[in-house]
Amino acid sequence: MDQEELVSFALSLPEAVESAHHGTRDFRVRSKIFLTMPDQDYCVVRLTPDQQHMTLAVAPDDTAAVPGGWGQRGSTRLFYGKASDELVQGLVRKSWQNAAPKTLQKQFVVIPSG
């Protein structure tokens, strides 16, 4: 997936908007960041520590914990250019769900793949 496909997918999620934080392109749902693009080689998704642990175990070549405290809290680098579209879309959706308020999540049902 290239950067513009990632952006298009992120903006296709309910109430997603593009913004910026400290000069870094980001995507939000109701003012909560769910995706940042600090580098052209990767984006950062917002996972729980448990979700991150599982993701790093199943996709070690495509993901990495963000260094420091943010990474310990679940912030995860996703190397979207080399990862499968299915992995990228799944992690971006999960990040959106983690940031979205419960009332909005109920309106958007994610059907697990596989």
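Definitions and limits used
Residues numbered from 1 in each chain as written. Predicted model: local features only at pLDDT ≥ 70, side-chain atom pairs only at ≥ 80, totals over all residues. Heavy atoms only, no water. 1 Å grid on protein atoms, 1.4 Å probe; cavity = no way out; pocket = protein on both sides within 12 Å on 5 of 7 lines; lining within 4 Å. Points joined across faces, edges and corners; volume = space filled by probe spheres on them. Helix = DSSP H or I, 4+ residues; strand = E, 2+ residues; numbered from the N terminus. Nonpolar A, V, L, I, M, F, W, Y, C, P; charged D, E, K, R; others polar. Pairing = 2+ DSSP bridges. Axes fitted to C-alpha atoms, helices over the stretch in contact; angles between N-to-C directions.

Chemist: How should the layout of surface pockets be read in this particular structure?
Modeler: Any space left empty among the atoms is revealed by the rolling of a water-sized probe across them. Space inside the largest pocket adds up to approximately 520 Å³. Lining the largest pocket are 20 residues, and of these Ile33, Thr36, Val44, Trp70 and Ser75 lie nearest its centre. Listing elements by their share of the lining of the largest pocket, those giving two or more residues are strand E3 (32–37), strand E4 (43–46) and strand E6 (75–78). Broken down by element, the residue count for the lining of the largest pocket peaks at 4 residues, all from E3. Residue composition of the lining of the largest pocket, grouped by class: 10 nonpolar, 7 polar and 3 charged.

Chemist: When you look at the sheet that holds strand E5 (residues 63–65) in this model, what are you seeing that I'm missing?
Modeler: Think of a sheet as strands paired side by side through backbone hydrogen bonds, with each pair either parallel or antiparallel. Sheet architecture is open: 6 strands sit in the order E1-E2-E3-E4-E6-E5, paired in antiparallel fashion. Looking at which strands have only one partner, the edges of the open sheet turn out to be strand E1 (16–21) and E5. On average, adjacent strands in this sheet sit at an angle of 30° to one another, irrespective of strand direction. Both E5 and E6 contribute to a ladder of 3 bridges, which runs antiparallel. Residue pairing across strands places Ala65 opposite Thr76, the latter belonging to E6.

Chemist: Is there a simple way to explain the pairing of E4 in this structure?
Modeler: Consecutive residues of a regular strand have side chains that alternate between opposite faces of the sheet. With 2 bridges connecting them, E3 and E4 associate as antiparallel partners. Bridge pairing in E4 links Leu35 to Val45. The loop that links E3 with its antiparallel partner E4 comprises 5 residues. Pairing geometry for E4 and E6, over 4 bridges, is antiparallel. Each bridged residue has a counterpart across the sheet, and for Val44 the counterpart in E6 is Arg77.

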